[in-house]
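# An overview of the molecular structure
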Amino acid sequence: MTAHARGPGPSVRTAFVPGSRLPGWVARFGAAHGGFTVRDEDDGVRLLAGDGGNALLQAPWPPDGRPGRGADVVNRLASLAAQPRRLGLLLVRRGGYGIGIASEGVLLASKTGSRYVQSRSAAGGQSQQRFARRRSNQADALVEAVAQQAAEVFRSAAFEYVVPGGDRALAELVLQDPALRDYAQLPRLAYLDVVEPKAAVLRKAAADACSVRVTVTDAAA
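Residues numbered from 1 in each chain as written. Predicted model: local features only at pLDDT ≥ 70, side-chain atom pairs only at ≥ 80, totals over all residues. Heavy atoms only, no water.

## Let's talk about the nonpolar core
- Counting residues in hydrophobic clusters, the biggest one holds 22 residues, and the most contacted among them are Leu 90, Val 92, Ile 99, Val 146, Phe 154, Val 174 and Leu 180.
- Looking at this core, the elements with two or more residues in it are strand S6 (86-93), strand S7 (96-103), helix H3 (125-154) and helix H4 (168-175).
- For this core, the element with the highest residue contribution is H3, accounting for 8 residues.
- Excluding residues that lie within four positions of it along the chain, Phe 154 makes contacts with Gly 88, Leu 89, Ile 99, Gly 100, Ile 101, Phe 159, Leu 180 and Tyr 183. (Core = buried A, V, L, I, M, F, W, Y, C linked by side-chain atoms within 4.5 Å. Buried < 20%, exposed > 50% of the residue type's maximum accessible area, 1.4 Å probe, protein only. Helix = DSSP H or I, 4+ residues; strand = E, 2+ residues; numbered from the N terminus. Contact = heavy atoms within 4.5 Å.)

## Some words on helix H2 (residues 73-81)
- Turning to H2, its buried residues number three or more, namely Val 73, Val 74, Leu 77, Ala 78, Leu 80 and Ala 81. For H2, the angular spread of buried residues about the axis comes to 160°, placing them on one side.
- Tucked into the core, H2 has its buried residues touching helix H1 (22-32), strand S3 (36-41), strand S4 (44-49), strand S5 (54-58) and strand S10 (212-217). (Arc of directions from axis to C-beta.)

## Notes on the packing of aromatic side chains
- Applying the stated criterion to the full structure yields 5 aromatic pairs.
- Look at Phe 154 and Phe 159: their rings are 4.8 Å apart centre to centre, the planes differ by 65°, and that puts the pair in the edge-to-face class.
- For Phe 159, a relative accessible area of 11% puts it in the buried group.
- Both rings, one in Phe 159 and one in Tyr 183, keep their centres 5.6 Å apart while their planes meet at 15°; by these two values the pair is stacked. Here Phe 159, found in the loop between H3 and strand S9 (161-166), pairs with Tyr 183, found in helix H5 (residues 181-184); they are 24 residues apart in sequence, far enough to count as distant.
- Here the aromatic residues Trp 25, Phe 29 and Phe 36 are joined through ring pairs into a cluster of three or more. (Phe/Tyr/Trp six-rings, centres within 6.5 Å; stacked < 30°, edge-to-face > 60°.)

## Concerning helix H6 (residues 199-209)
- Those residues of H6 lying buried are Val 201, Leu 202, Ala 205, Ala 206, Asp 208 and Ala 209. For H6, the angular spread of buried residues about the axis comes to 165°, placing them on one side.
- Buried residues in H6 make contact with strand S2 (12-17), S6, S7, strand S8 (106-114) and S9.

Put into structure tokens, the structure is as follows:
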């Protein structure tokens, strides 16, 4: 999954690279950008390209006492990302949800479904109040339904981290539901910005969540 930032200023894009493919990606980045130097930073490993651009490489999870191995910082990052850790995915938007347990980029268990929450209305007066109540009831029903489905999926296998995605506010409400009390206490990994979480989106999210997040900033024109 790759995202591009639009507007004035340097072009910024984000991609997800599996640990096993990271050394090759780094080599290609260097060939395309006039070489690079490596700087180990608090938020990741930054490649400073010869043409003025840069790439920030961020591990999918913290070392937690299991650091990656390798002769240099890039190979250690690749090794860390290749570790078979289990994640619980919770993706939710107004139109539906996707829940899964993933390891090494593959779903071990999953569930997707559709629910409808109306968009905001520009109407006013009593009509607006009735609409707001209906929308709130729909959102409450969505949160409860997703929490129950997530609890069912999550019980199927143990995992170490929670990966939220989709609508941040809705995902947070789902994790606050009593049905997910135990899972809400687990460490959370980086949020995933996804479209409506259909089955294909959930599969892609599982792969992305287990990969190195790469943010490339091209040199300013």
